[in-house]
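Structural overview for review
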Amino acid sequence: MQSELEKRSIGRVAQKIALRCVRNTSIENIHAGRAVRSKAGDYSDVTVVTPYGEIPWTDVSRISQDEMKTFNKEVVNKIFTVLIMLGRGCEMKEGPNAFYAPHNWDMPEIDPDIERLFTGSDVRE
């Protein structure tokens, strides 16, 4: 069992990896632009108008298959590189042009679905 200090340190590493390997990717291009707003708050009052009719916002795919493929490939390559470098004993250098932990993100928590993949419960062979 990890101490609170170890959990906090591991959490900061997770944030650094998430920032550099997920957030700072092509997903930023998809995230850019004008945000959709909803008076109802649940987007039930928002529709997308297309030449083929209106689509409720909650039914709209907001990322194309090509964008998703590009994003997945980029994330996997970045995480693969981090794991290779850590496996070689390299340290995660700190700074604006290196790894840094975002200051306004929540500390991570154990994801029970991923934890089960390691513990073997619910895993079929």
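Described in the following lines is the structure provided in the data block.

Further remarks concern the overall build of the chain. A count of helical and extended segments in the chain gives 4 helices and 2 strands. Beginning at the N terminus, the succession of helices and strands in the chain can be written as α-α-β-β-α-α. At 19 Å, the chain has a C-alpha radius of gyration far larger than the 14 Å of a compact globule built from 125 residues. Along the three orthogonal principal directions, the C-alpha set of the chain runs to about 55 × 40 × 30 Å. Split into buried and exposed, the 125 residues of the chain put 16% on the buried side. In the chain, 62% of the contacts between residues at least 6 apart in sequence involve partners at least 24 apart. Each charge class in the chain was averaged separately, 17 positive and 19 negative side chains, and the resulting centres sit 7 Å apart.

Tracing the sequence through the fold places Ile-110 in the loop between α3 (65-87) and α4 (112-119). As a C-alpha pair, Ile-110 and Glu-6 span 104 residues in sequence and 14 Å in three-dimensional space.

With that settled, consider the pattern of salt bridges. Using the criterion set out here, one finds 4 salt bridges in the structure. Note that Lys-16 is salt-bridged to Glu-94, the shortest N-O span being 2.1 Å. Remark: Glu-94 occurs in the loop between α3 and α4 and Lys-16 occurs in helix α1 (residues 4-23); sequence separation between them is 78 residues. The salt bridge partner of Glu-28 is Arg-23, with a shortest N-O separation of 2.3 Å.

Inspection of the secondary structure puts Val-13 in helix α1. Residues Val-13 and Gly-33, spaced 20 residues apart in sequence, show a C-alpha to C-alpha distance of 29 Å.

A few words on α1. Among the residues of α1, those classed as buried are Gly-11, Gln-15, Lys-16, Ile-17, Leu-19 and Cys-21. The elements touched by buried residues of α1 are α3.

Parameters and conventions
Residues numbered from 1 in each chain as written. Predicted model: local features only at pLDDT ≥ 70, side-chain atom pairs only at ≥ 80, totals over all residues. Heavy atoms only, no water. Helix = DSSP H or I, 4+ residues; strand = E, 2+ residues; numbered from the N terminus. Rg over C-alpha atoms; globule rule 2.2 N^0.38 Å. Buried < 20%, exposed > 50% of the residue type's maximum accessible area, 1.4 Å probe, protein only. Contact = heavy atoms within 4.5 Å. Lys, Arg positive; Asp, Glu negative; His and termini not counted. Charge placed at Lys NZ, Arg CZ, Asp CG, Glu CD. Salt bridge = Lys/Arg side-chain N within 4 Å of Asp/Glu carboxyl O.

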